[in-house]
Amino acid sequence: MLNRLTATLDFQGQALALRSERQRLLASNIANADTPGYVARDMDFATALKQATGAAQPAATLATSAGSHIAAATGARAEPNLLYASASQTNLDRNSVDMDRERAAFADNSVKYEATLRFINGNVRTMLDAIKGQ
């Protein structure tokens, strides 16, 4: 019973952690806009969320030779498959950061991060109201 109540919160928590990681990547791209040779990075959010929630099978699992080895990270804390952004126009310094694209992605991700927080807040309120009997 408790698993059903927390399943939505677990999903939203994974999404929130991935949104936070994507925000960090986009901020790093913006900060390095003037760094020569810097290649912008991003993640495929949908694929990363599927992998974090277990909806998609990972490509390969790590094998351990002893029981005392540290297990690979799972969920949203695992390293997502980062992608390289292609340059929209050529630069002499070979920097692939397109500030318009990065600003738009940053704003979009910020709105979606806020929406995820609101979903979590609404779910918690609903559970509290159910517990109180209102």
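Residues numbered from 1 in each chain as written. Predicted model: local features only at pLDDT ≥ 70, side-chain atom pairs only at ≥ 80, totals over all residues. Heavy atoms only, no water.

(A) Fine view of the nonpolar core. The biggest cluster of nonpolar side chains holds 8 residues, and these are Ala15, Leu18, Leu25, Met43, Phe45, Ala48, Leu49 and Ala52. Of all the secondary-structure elements, those providing two or more residues to this core are helix 1 (2-31) and helix 2 (45-53). Top contributing element to this core by residue count: helix 2, with 4 residues. Here Leu25 is in contact with Arg41, Asp42, Met43 and Leu82, once residues within four sequence places are set aside. (Core = buried A, V, L, I, M, F, W, Y, C linked by side-chain atoms within 4.5 Å. Buried < 20%, exposed > 50% of the residue type's maximum accessible area, 1.4 Å probe, protein only. Helix = DSSP H or I, 4+ residues; strand = E, 2+ residues; numbered from the N terminus. Contact = heavy atoms within 4.5 Å.)

(B) Quick look at the packing of aromatic side chains. Tallied over the entire structure, the rule returns 0 aromatic pairs. The ring of Phe45 carries Arg19 above its face, with NZ or CZ at 3.7 Å from the centroid. (Phe/Tyr/Trp six-rings, centres within 6.5 Å; stacked < 30°, edge-to-face > 60°. Lys NZ or Arg CZ within 6 Å of the ring centre and 35° of its normal.)

(C) Structural view of a nonpolar patch on the surface. Taken together, the side chains of Val124, Leu128 and Ile131 define a hydrophobic patch exposed on the protein surface, amounting to about 280 Å² of accessible area. In this fold, Leu128 is placed in helix 3 (residues 99-132). (Patch = residues over 30% accessible without salt bridge, like charges linked within 9 Å, V, L, I, M, F, W, Y side chains within 5 Å. Areas by Shrake-Rupley, 256 points an atom, 1.4 Å probe, with all protein chains shown as cover. Salt bridge = Lys/Arg side-chain N within 4 Å of Asp/Glu carboxyl O.)

(D) Structural detail: unusual backbone geometry. Positive phi outside glycine occurs at Arg94, with the angle close to 60 degrees. Arg94 gets classed as exposed once you look at its relative accessible area, which sits at 66%.

(E) Layout of helix 1. In this model, helix 1 (30 residues) spans 43 Å end to end at C-alpha, consistent with the 44 Å of a helix rising 1.5 Å per residue. Its axis deflected by about 25 degrees at Thr8, helix 1 carries its strongest bend there. Taken residue by residue, helix 1 has Gln12, Ala15, Leu16, Ala17, Leu18, Arg19, Arg22, Gln23, Leu25, Leu26 and Asn29 as its buried positions. Next to the buried residues of helix 1 lie strand 1 (41-43), helix 2, strand 2 (82-84) and helix 3. (Expected span 1.5 Å × (residues − 1). Bend = angle between axes of the 7 residues up to and from the residue.)

(F) View of the packing of helix 1 against helix 2. The interhelical angle for the contact between helix 1 and helix 2, taken along N-to-C directions, is 135 degrees, at an axis separation of 10 Å. One finds that helix 1 runs oblique with respect to helix 2. Both helix 1 and helix 2 take part in a crossing whose hand is right-handed. Between helix 1, through Phe11, Gln14, Ala15, Leu18 and Arg19, and helix 2, the contact on the second element is made entirely by Phe45, Ala48, Leu49, Ala52 and Thr53. By residue class, the composition of the contact of helix 1 with helix 2 is 7 nonpolar, 2 polar and 1 charged. (Axes fitted to C-alpha atoms, helices over the stretch in contact; angles between N-to-C directions. Parallel < 35°, antiparallel > 145°, perpendicular 65-115°, else oblique. Left-handed = near helix turned anticlockwise from the far one by under 90°. Nonpolar A, V, L, I, M, F, W, Y, C, P; charged D, E, K, R; others polar.)

(G) Examining the pattern of salt bridges more closely. What the rule picks out here adds up to 6 salt bridges. The partner of Asp42 in a salt bridge is Arg22, and the shortest N-O contact between them spans 2.9 Å. Residue Asp42 is found in strand 1, and its partner Arg22 is found in helix 1; the two are separated by 20 residues along the sequence. The salt bridge involving Arg103 is made with Asp100; its shortest N-O contact spans 3.7 Å. Note that Arg103 and Asp100 are positioned in helix 3 at a spacing of 3 residues, about one turn of the helix.

(H) Structural view of the side chain of Gln12. One can find Gln12 in helix 1. Judged by its relative accessible area of 12%, Gln12 falls in the buried class. Those residues in contact with Gln12 that sit more than four places away from it in its chain are Thr116, Phe119, Ile120 and Asn123.

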